[in-house]
Amino acid sequence: FLNISMGAYLSASKNFVEKDLETSVVGRSFLITGANSGIGKATAMAIAKKGGTIHMVCRNKDKAEEARAEIVKESGNKEIYVHILDLSETKKVWEFAESFKKKYKTLNVLINNAGCMMTMREVNGEGLEKSFASNSLAVYILIKSLIPLLEKSTDPRVITVSSGGMLVQKLRTGNLQSQRGRYDGTMVYAQNKRQQVVMTEQFAKAHPNIHFSVMHPGWVDTPTIANAMPDFHSSMKERLRTPEQGADTVVWLAVSEAAVKNPSGRFFQDRQMVSAHLPLAWTHSSQLEDQKFMSVMEDLAKSFQPH
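Residues numbered from 1 in each chain as written. Predicted model: local features only at pLDDT ≥ 70, side-chain atom pairs only at ≥ 80, totals over all residues. Heavy atoms only, no water.

As recorded in an unreviewed UniProt entry, the protein goes by Dehydrogenase/reductase 12-like a and comes from Cyprinus carpio carpio.

Next up, the structure:
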């Protein structure tokens, strides 16, 4: 875990190619979930400064409007739009994505950044465990629903912000709702993040004309970490990355030409393609298990799709 601190970022950044990010994205549109704080906000700010049209998808209207005002003021870019959505409400995620498609002609980049870490098991109004609903099913639905819009836009990309925690998790399709065993919020979160990696790999195979990637931002000083893991947060505070450092690879994956020269469906850290498994790789799931997971997700998603 040493390579995910701020020090590791500073050392990796010595090899970054400056001109990768010297690019204008005027006329390109970016949908970013959880864009009002932490990595999401830092990503929105960086892309807004390059002239991109930003769709901020946030749960809290006041915080979202406040962040929007700040981004507009600092970037001078007025093409910043707020959409209010709670990603843990599965039907609402479908409704949002379907109406977004009707309203907007293009979407160049989808950035799944929002994350939720629960301290105890809670279910949403539809009976789904909240962490799974927000981190996995919502991501699946947004990608699935927005693929047609992405496919007709130029240089379409989908980037999902995962976590290093997923390295210690093997995909487990049998307990998606965390009904069995003791509920450990950090492990459930890590399992959701492994699910995001598998989804990215599988969607990349099914849709070769969209560039999919999933990334690990390192340990970043964000509200999610501060609220869900207060002890870890206070003991690590000096070594945590800033939101801007955490967002660097997201921005690079979203705007640079260099990023899409890498194969689709891969896992990144500090602008480098890295293995999605630890060296001993007991976390590898079989192709069969991955496909089974995708078909379970598809059936689950469909059951909440508005008709």
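Our next topic: helix α2 (residues 38-49). In an α-helix, one turn spans 3.6 residues; hence positions three or four apart end up facing the same way. Taking 1.5 Å of rise per residue, 12 residues should cover 16 Å, and α2 covers 17 Å from first to last C-alpha, within 8% of that figure. Counted residue by residue, α2 has 10 buried out of 12 residues, so it is predominantly covered. Inspection of α2 places Gly 38, Ile 39, Gly 40, Lys 41, Ala 42, Thr 43, Ala 44, Met 45, Ile 47 and Ala 48 among the buried residues, and these make up the whole buried set. Gly 51 sits one or two positions beyond α2 and adopts a positive phi of about 95°. (Helix = DSSP H or I, 4+ residues; strand = E, 2+ residues; numbered from the N terminus. Expected span 1.5 Å × (residues − 1). Buried < 20%, exposed > 50% of the residue type's maximum accessible area, 1.4 Å probe, protein only.)

Right, let's get into the packing of aromatic side chains. In total, this model carries six aromatic pairs according to the counting rule given. Arranged with centres 5.8 Å apart and planes meeting at 45°, the rings of Phe 96 and Phe 100 form a pair that is tilted. Of this pair, Phe 96 and Phe 100 both sit in helix α4 (residues 90-103), separated by four residues, roughly a single helical turn. Accessibility classification places Phe 96 together with Phe 100 in one group, the buried group. On the basis of an interplanar angle of 35° and a centroid distance of 4.5 Å, the ring pair of Phe 100 and Tyr 104 is categorised as tilted. Here Phe 100 matches Tyr 104 in class, with each residue buried. By way of ring pairs, the aromatic residues Phe 96, Phe 100 and Tyr 104 are connected into one cluster. (Phe/Tyr/Trp six-rings, centres within 6.5 Å; stacked < 30°, edge-to-face > 60°.)

With that settled, consider the environment of Ile 32. Note that Ile 32 resides in strand β1 (residues 29-33). Each C-alpha atom, one on Ile 32 and one on Val 214, is 14 Å from the other, the two residues being 182 residues apart in sequence. Not counting chain neighbours up to four residues away, the residues in contact with Ile 32 comprise Gly 40, Thr 43, Ala 44, Ile 54, His 55, Met 56, Val 57 and Ile 111. (Contact = heavy atoms within 4.5 Å.)

The subject of this paragraph is the sheet that holds strand β6 (residues 211-215). Strand order in the open sheet formed by eight strands is β3-β2-β1-β4-β5-β6-β7-β8, and the pairing between neighbours is mixed. The sheet terminates laterally at β3 (80-84) and β8 (272-274), the two strands that pair on one side only. Mean inter-strand twist for the sheet, computed between neighbouring axes without regard to direction, equals 25°. As judged from the three bridges shared by strand β7 (residues 266-269) and β8, these two strands associate in the antiparallel manner. For Gln 269, the partnering residue across the bridge sits in β8 and is Gln 272. Sitting on the sheet, helix α5 (residues 130-151) is in contact with β1, β4 (109-112), β5 (157-161) and β6, with an inclination near 175° to β4. The sheet contacts of helix α6 (residues 185-206) involve β5, β6 and β7, and relative to β6 the element is tilted by about 165°. (Pairing = 2+ DSSP bridges. Axes fitted to C-alpha atoms, helices over the stretch in contact; angles between N-to-C directions.)

Take the pairing of β3 next. On a regular strand, one side chain projects to one face of the sheet and the next to the other, so that they alternate. Pairing geometry for strand β2 (residues 53-58) and β3, over five bridges, is parallel. Residue pairing across strands places Val 57 opposite His 83, the latter belonging to β3. Since β2 and β3 lie parallel, the crossover through helix α3 (residues 61-75) that links them has a hand, and here it is right-handed. (Right-handed = clockwise from strand over helix to strand, strands pointing away.)

Our next topic: the pairing of β5. The buried fraction of β5 amounts to five of the five residues, a majority that puts the element mostly inside the structure. Both faces of β5 are covered, namely the face carrying Arg 157, Ile 159 and Val 161 and the face carrying Val 158 and Thr 160. Pairing of β4 with β5 involves four bridges; the strand directions are parallel. By the bridge assignment for β5, Asn 112 is matched with Thr 160. Of the strand pairs in this sheet, β5 and β6 are connected by five bridges, and their pairing is parallel. Among the inter-strand pairings, Val 161 is bridged to a residue of β6, identified as Met 215. Tracing the backbone out of β5, into α6 and back to the parallel element β6 gives a crossover that is right-handed.

The subject of this paragraph is the packing of α5 against helix α10 (residues 287-303). Between α5 and α10, whose axes approach to 10 Å, the crossing angle comes to 85°. It follows that α5 is roughly perpendicular to α10 by the angle criterion. Seen from α5, the contacting residues are Phe 132, Ser 136, Leu 137, Tyr 140, Ile 141 and Lys 144; seen from α10, they are Met 294, Met 297, Glu 298, Leu 300 and Ala 301. Across the contact of α5 with α10, the residue classes break down as eight nonpolar, one polar and two charged. (Parallel < 35°, antiparallel > 145°, perpendicular 65-115°, else oblique. Nonpolar A, V, L, I, M, F, W, Y, C, P; charged D, E, K, R; others polar.)

Here we come to the environment of Val 93. Tracing the sequence through the fold places Val 93 in helix α4. Residue classification places Val 93 among the buried residues on the basis of a relative accessible area of 1%. When the C-alpha positions of Val 93 and Leu 142 are compared, they lie 7.1 Å apart, and in sequence the two are 49 residues distant. Each residue touching Val 93, except ones within four places of it in the same chain, is listed here: Leu 85, Asp 86, Leu 87, Ala 138, Ile 141 and Leu 142.

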